[in-house]
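A look at the structure
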Amino acid sequence: MRAFELTKTRVRYRGSDILALCDVSVGVDEGEIVLLLGSNNAGKSTFCRLLNGLVPHSIPAQVDGAVEVLGRDVSKTSVARLATLVGMVFQEPESQLFCMSVEEEVAFGPENIAIPRAEIISRVEWALGVVGLSGYNARPPSNLSGGEKQRLAIAAALSMRPRLLVLDEPAYALDPAGRTDLYALLRTLRERYGMTIIIAERDAEELTELCDRVILLRSGRVVADGAPSEVLSRIDEMVVAGVSPPQIAHLSALLADRFPGKTRPFFTMGGAEKEIADLVRTSGGDAP
Amino acid sequence: MNAVVTAQRLPVISLQDVSFSYEGGIEALKRVSLRVAKGEKVAVVGGNGSGKTTLAKHLNGLLKPSSGKVLIGGQDSSRTSVATLARTVGYVFQNPDYQLFCTSVEEEVRFGPHSMGLGRDDESALVERSMKLMGIGHLREQSPISLSLGDRRKVAIASVLATSPEVFVLDEPTTGLDTVESAQLMATLDVLRSEGMTVVLITHEMRLVAQHMDRVIAMSEGSVAFDTEVEEAFSDSDRLRRCKLLAPPITVLAQRLRAQGALSKGAATPLQLVEQVVRVRGERR
């Protein structure tokens, strides 16, 4: 089944002359991990907010074209209903944490859709376990580290048992180790629960191996959509879109320019190591 | 600027056995000793909560040590006002909105030198030079709050630059910027460095550290975990992991290629690595 389908979608926020998204047509299947890549103001957050109906139900905007999430027309589905299907995690976890304890935070969503108490308790335990915060139940969220807060925000989204998880720049406040842990968690969520995961980021460097697919946005338009090894090798398009290419993919392109016909494209560290070792070994015959 | 030639290698900042506890007793710095010499480019790195920002706020006297001693330009930070220390060390906050308050960019940049009581001509020269170095001259009439985050950061840096400090401390200046904006910002830092200024950069962004910094001080649980040249800092992946850090892919690749004898030097960018390959192939021909 399709996790979501945008068809010629255009978004213009109320009071703005600019199209935040312009003729975007994207369909994502359930179980995919998709990186939504773009610079500031490329339309990443708008794309995310369409999926849980925040745009246009809470943030006034003119939306043209179709937005379907798990078979439902978003324009005719309430934010509350969508919240049971789509979990949303924002850039700064503080912006969505407001309860006095970790447990209350995670229970908040299910309580609001009148889930029976016993079921809420089991969902809270499950969600905290998945993100590695078991036993943190009584702790105040304000006392957690940046990485723990981010994991709590994810647990709060998971307790609604969403089929689609949308993360808008989740690495923003995390240190490198925190980012590595986050990506391992997302991989687990897909493998174990078949969850569809959308990650909006400005930087693809540490996501090249996690994602199945990369959608490159520029000024509200989709300029590339495909496998990471394909999209992230299109160095010029990434540069024009204001995104820096992953270092290994960039190196592959630079070597192909400098030594035409002498190297094969590579995308991983291991591939790079082998190609360059070969290139150095086979010296001689270069154009001066 | 009071750059004395003989002071070239003297430390402009020196921390001796510095500990610091916040109210409530959390010990954020534990017996930290280090020296920063004039003209150095130092990155302060570490995981969330490792003590980076607490350390940075000791470098300009915003925080005073609970025990130990901080010397800034030879002055004991515990006995000197922040205003006086600010002539030696300029501090750029992580959030530029903490320091921007004037109605125009030019006024913002003028505020610092004006309060130093310089003559009108000297003041204007500093303002113009700072705006030019940061590339914000065309924004002079605009209100700082109307600008993009990247431009607000540049205004914040220019307003500190206009007070001509010897040392620049920047707390995560690229957070929230996209890659084009952060490349621009780092290019302007390279300009400051070429002007002889000392730069201390607090950051999570290891590619920028590898590319622009000379020395790395890694903090972990309030202590200095290691303090080395940048090349060496990224050579021990286990040590990095313990400090919640990760080396950039190109740095790791260059190290692996060196280990197997394919390259003779490290590289911090894809282009540098290509240059290495070109050179080695040339030698082996």
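Scroll up for the structure.
Reading guide: rules and limits
- Residues numbered from 1 in each chain as written.
- Chains lettered and ligands numbered in written order.
- Predicted model: local features only at pLDDT ≥ 70, side-chain atom pairs only at ≥ 80, totals over all residues.
- Heavy atoms only, no water.
- Pairing = 2+ DSSP bridges.
- Helix = DSSP H or I, 4+ residues; strand = E, 2+ residues; numbered from the N terminus.
- Contact = heavy atoms within 4.5 Å.
- Axes fitted to C-alpha atoms, helices over the stretch in contact; angles between N-to-C directions.
- Buried < 20%, exposed > 50% of the residue type's maximum accessible area, 1.4 Å probe, protein only.
- 1 Å grid on protein atoms, 1.4 Å probe; cavity = no way out; pocket = protein on both sides within 12 Å on 5 of 7 lines; lining within 4 Å.
- Points joined across faces, edges and corners; volume = space filled by probe spheres on them.
- Nonpolar A, V, L, I, M, F, W, Y, C, P; charged D, E, K, R; others polar.
- Phe/Tyr/Trp six-rings, centres within 6.5 Å; stacked < 30°, edge-to-face > 60°.
- Lys NZ or Arg CZ within 6 Å of the ring centre and 35° of its normal.

**Overview of the sheet that holds strand E2 (residues 21-29) of chain A**
Residue and element names in this part refer to chain A. Taking strand neighbours across the sheet as the criterion, the four strands line up as E2-E1-E4-E5 in an open arrangement whose pairing is antiparallel. Only two strands of the sheet have a single neighbouring strand rather than two, namely E2 and strand E5 (72-73). In this sheet, strand E4 (residues 61-69) lies alongside strand E1 (residues 2-13) in antiparallel orientation, the contact comprising eight bridges. Looking at E4, one finds that Arg 10 is bridged to Asp 64. Here helix H1 (residues 44-51) sits on the sheet in contact with E1, E2 and E4, set at roughly 120° to E1.

**Section: the environment of Gln 94 of chain B**
Residue and element names in this part refer to chain B. Here Gln 94 lies in the loop between strand E6 (89-92) and helix H3 (105-115). Residue class for Gln 94 comes out partly exposed when judged on its relative accessible area of 33%. Considering only alpha carbons, one finds Gln 94 and Glu 172, 78 residues apart in sequence, at a separation of 5.4 Å.

**Regarding empty space enclosed by the protein**
Residues and elements named next belong to chain B. Under the definition given, this model contains one cavity of 30 Å³ or more. One number sums up the size of the largest cavity: a volume of about 30 Å³. Surrounding the largest cavity, Leu 34, Val 36, Val 42, Val 44, Leu 55, Leu 59, Val 200 and Ile 217 form its lining. Listing elements by their share of the lining of the largest cavity, those giving two or more residues are strand E2 (27-37) and strand E3 (41-45). Among the residues forming the lining of the largest cavity, the class breakdown is eight nonpolar, no polar and no charged.

**Some remarks on the layout of surface pockets**
In this model, the second largest pocket occupies a volume close to 1,100 Å³. Lining the second largest pocket are 37 residues, with Ala 173 of chain A together with Asn 48, Thr 53, Gln 94 and Glu 172 of chain B sitting closest to its centre. Those elements that provide at least two residues to the lining of the second largest pocket are helix H6 (146-158) of chain A together with E2, helix H1 (52-58) and helix H5 (149-161) of chain B. Ranked by residue count, the leading element in the lining of the second largest pocket is H1 of chain B, at four residues. Here the lining of the second largest pocket is built from residues that sort into 12 nonpolar, 14 polar and 11 charged.

**Side note on the packing of aromatic side chains**
As enumerated under the stated definition, the model contains six aromatic pairs over all chains in all. Note on Phe 98 of chain A and Phe 108 of chain A: the rings are 4.9 Å apart at their centroids and 90° apart in plane angle, and the pair reads as edge-to-face. Here Phe 98 of chain A, found in the loop between strand E6 (86-89) and helix H4 (102-112), pairs with Phe 108 of chain A, found in helix H4; they are 10 residues apart in sequence, far enough to count as distant. Between Phe 101 of chain B and Phe 111 of chain B the ring centres are 5.0 Å apart and the planes differ by 85°, which places this aromatic pair in the edge-to-face class. A residue pair is termed long-range when its members are at least 10 positions apart, and Phe 101 of chain B in the loop between E6 and H3 and Phe 111 of chain B in helix H3 qualify at 10 residues. Given the relative accessible area of 54%, Phe 101 of chain B is considered exposed. Owing to a relative accessible area of 43%, Phe 111 of chain B belongs among the partly exposed residues under this scheme. Sitting above the plane of the Trp 126 of chain A ring, Arg 161 of chain A keeps its charged end 4.5 Å from the centroid. Taking NZ or CZ as reference, Arg 258 of chain A lies 5.4 Å from the ring centre of Phe 259 of chain A, over its face.

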